[in-house]
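Residue-level listing of the chains:
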Amino acid sequence: MANRGPSYGLSREVQQKIDRQYDPELEQVLVQWIVAQCGGDVARPEPGRDNFQQWLKDGTVLCRLINSLHPRGQGPVGKIQASAMAFKQMEQISQFLQAAERYGIAATDIFQTVDLWEGECPRGDAGGGDLGDGGADPAVAFLAGKNMACVQRTLMNLGSLAVAKGEGLFVGDPNWFPKKSQENRRVFSEDKLKEGQSVIGLQMGTNRGASQAGMTGYGMPRQIL
């Protein structure tokens, strides 16, 4: 699968805006956690967005990560195999994404395969389009672009969820990730619920302290002093 050509015009502006959302400090936290979580035999990548992408691109590290968050022998990805074939790499990324959603990550917080994988665009070589001096079709080129900031957010949410679950499978410092809010469900007795129905909330106003003193009776002329 060939790499896409350079972006132009609107596509280039959009890609630059996406790239600015990438957090190098979060990258280091994620690398530190993934290496600790997967075990010492996982090689640490060189710093940088492109190196981080190449490290995750074949899907093996991601699959090992999600398996490590399950009890031994119960990992959701049965076979993890390093491969140079593009379809195999994208298949393993897809397996990770499906497993992450089953683990509890919201679908809206999960990146798409194209966010991590940068390959040829649907029409072939995006750099050789038929738009004259523009070169590539911006819309098509953007579809093939990568969004590593979205990949970072998915992994950060995965780490936060692993800490919140408290199953003893998280490896590393829990302070690496923001704490997820926990549900605080309250159960009230039937008598307590009935008692609350007779209480007028202060948002609706109150008649406490009200008095008819000084009011003019019905049918009587108003007294002006």
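See above for the structure.
This structure is a prediction, so every number in the text was calculated from the model and none was measured.

(A) Examining the overall build of the protein chain more closely. From N to C terminus, the protein chain includes nine helices and zero strands. In sequence order, the secondary structure elements of the protein chain are arranged as α-α-α-α-α-α-α-α-α. Accessible surface computed for the protein chain: about 14800 Å², of which carbon and sulfur atoms make up 50%.

(B) The nonpolar core, seen in detail. Membership of the largest hydrophobic core comes to 38 residues, with the highest contact counts inside it found for Phe 52, Trp 55, Leu 56, Phe 96, Phe 111, Leu 155 and Leu 158. Taken together, the elements giving at least two residues each to this core come down to helix H2 (24-38), helix H3 (49-56), helix H4 (60-68), helix H5 (86-103) and helix H8 (148-165). Ignoring sequence-local partners within four residues, the contact set of Leu 158 consists of Trp 33, Leu 65, Ile 66, Leu 69, Phe 96, Tyr 103 and Ile 105.

(C) Just H8, in detail. Counted at 1.5 Å a residue, the expected span for H8 with its 18 residues is 26 Å, and the 26 Å between its end C-alpha atoms agrees. H8 sits mainly inside the fold: 13 of its 18 residues count as buried. Two residues or fewer after H8 comes Gly 166, characterised by a positive phi angle close to 60°.

(D) Quick peek at empty space enclosed by the protein. This structure, assessed with the given rule, holds one cavity of 30 Å³ or more. Its boundaries defined by the atoms lining it, the largest cavity holds a volume of some 30 Å³. Around the largest cavity sit Tyr 103, Ala 162, Glu 167, Gly 168, Leu 169 and Phe 170, which together line it. When its residues are assigned to classes, the lining of the largest cavity shows four nonpolar, one polar and one charged.

(E) Layout of the environment of Ala 149. Along the chain, Ala 149 turns up in helix H8. In this structure the C-alpha to C-alpha distance between Ala 149 and Leu 26, which are 123 residues apart in sequence, comes to 9.7 Å.

(F) Expanded view of the pattern of salt bridges. As enumerated under the stated definition, the model contains two salt bridges in all. For Asp 41, the salt bridge identified is with Arg 64, shortest N-O distance 2.9 Å. Residue Asp 41 is located in the loop between H2 and H3, and its partner Arg 64 is located in helix H4; the two are separated by 23 residues in the primary sequence. Given a relative accessible area of 57%, Asp 41 falls into the exposed group. For the salt bridge of Asp 50 with Arg 49, the shortest nitrogen-to-oxygen distance reads 3.9 Å. Among the residues examined, Asp 50 registers a relative accessible area of 43% and is labelled partly exposed.

(G) Region of interest: the side chain of Thr 154. Relative to the helices and strands, Thr 154 is located in helix H8. When neighbours within four sequence positions are excluded, Thr 154 is seen to be in contact with Asp 109, Ile 110 and Phe 111.

(H) Structural view of the packing of H2 against H4. Viewed as axis vectors pointing N to C, H2 and H4 meet at an angle of 65°, and their least axial separation amounts to 9 Å. The crossing of H2 and H4 is left-handed. Taken together, the residues of H4 that come into contact with H2 (itself represented by Trp 33, Ile 34, Gln 37 and Cys 38) are Val 61, Arg 64, Leu 65 and Ser 68. For the contact of H2 with H4, the residue count by class is five nonpolar, two polar and one charged.

Calculation criteria
- Numbers given to residues run from 1 along each chain, matching the order in which its sequence is written.
- Owing to the predicted nature of the model, reporting of local features is limited to residues with pLDDT of at least 70; listing and counting of side-chain atom pairs is limited to 80 or more, with chain, interface and lining totals taken over all residues.
- For the side-chain quantities, the full set of heavy atoms in the structure was used; hydrogens and water were omitted.
- Only DSSP runs of H or I covering at least 4 residues are called helices, and only runs of E covering at least 2 are called strands; the numbering of each starts at the N terminus.
- In this description, accessible areas are obtained by the Shrake-Rupley approach with a 1.4 Å probe, and a residue is regarded as covered only by the protein chains that are shown.
- Grouping buried Ala, Val, Leu, Ile, Met, Phe, Trp, Tyr and Cys residues that are joined through side-chain atoms within 4.5 Å yields what is termed a nonpolar core.
- Partly exposed residues are those whose accessible area sits between 20% and 50% of the maximum for their type, while under 20% is buried and over 50% is exposed, using a 1.4 Å probe and protein chains only.
- Any pair of residues with heavy atoms lying within 4.5 Å of one another is described as a contacting pair.
- Given the number of residues in a helix, its expected span is that number minus one, multiplied by 1.5 Å.
- The distinction between a cavity and a pocket rests on a 1 Å grid over the protein atoms alone: a 1.4 Å probe fits inside a cavity but cannot get out, while a pocket stays open yet meets protein on both sides within 12 Å along at least five of seven lines, and a residue with an atom within 4 Å of a point counts as lining.
- Grid points are joined across faces, edges and corners, and a volume is the space filled by probe spheres set on the points.
- Polar here means any residue other than Ala, Val, Leu, Ile, Met, Phe, Trp, Tyr, Cys and Pro, which are nonpolar, and Asp, Glu, Lys and Arg, which are charged; Gly is therefore polar.
- Salt bridge, as applied in this entry: a Lys or Arg side-chain nitrogen positioned within 4 Å of an Asp or Glu carboxyl oxygen.
- Here, axes are lines fitted to C-alpha atoms. For helices the fit covers the stretch in contact, and angles between N-to-C directions go from 0 to 180 degrees.
- Here a crossing is taken to be left-handed if its near helix is turned anticlockwise relative to the far helix by less than a right angle, and right-handed if that turn runs clockwise.

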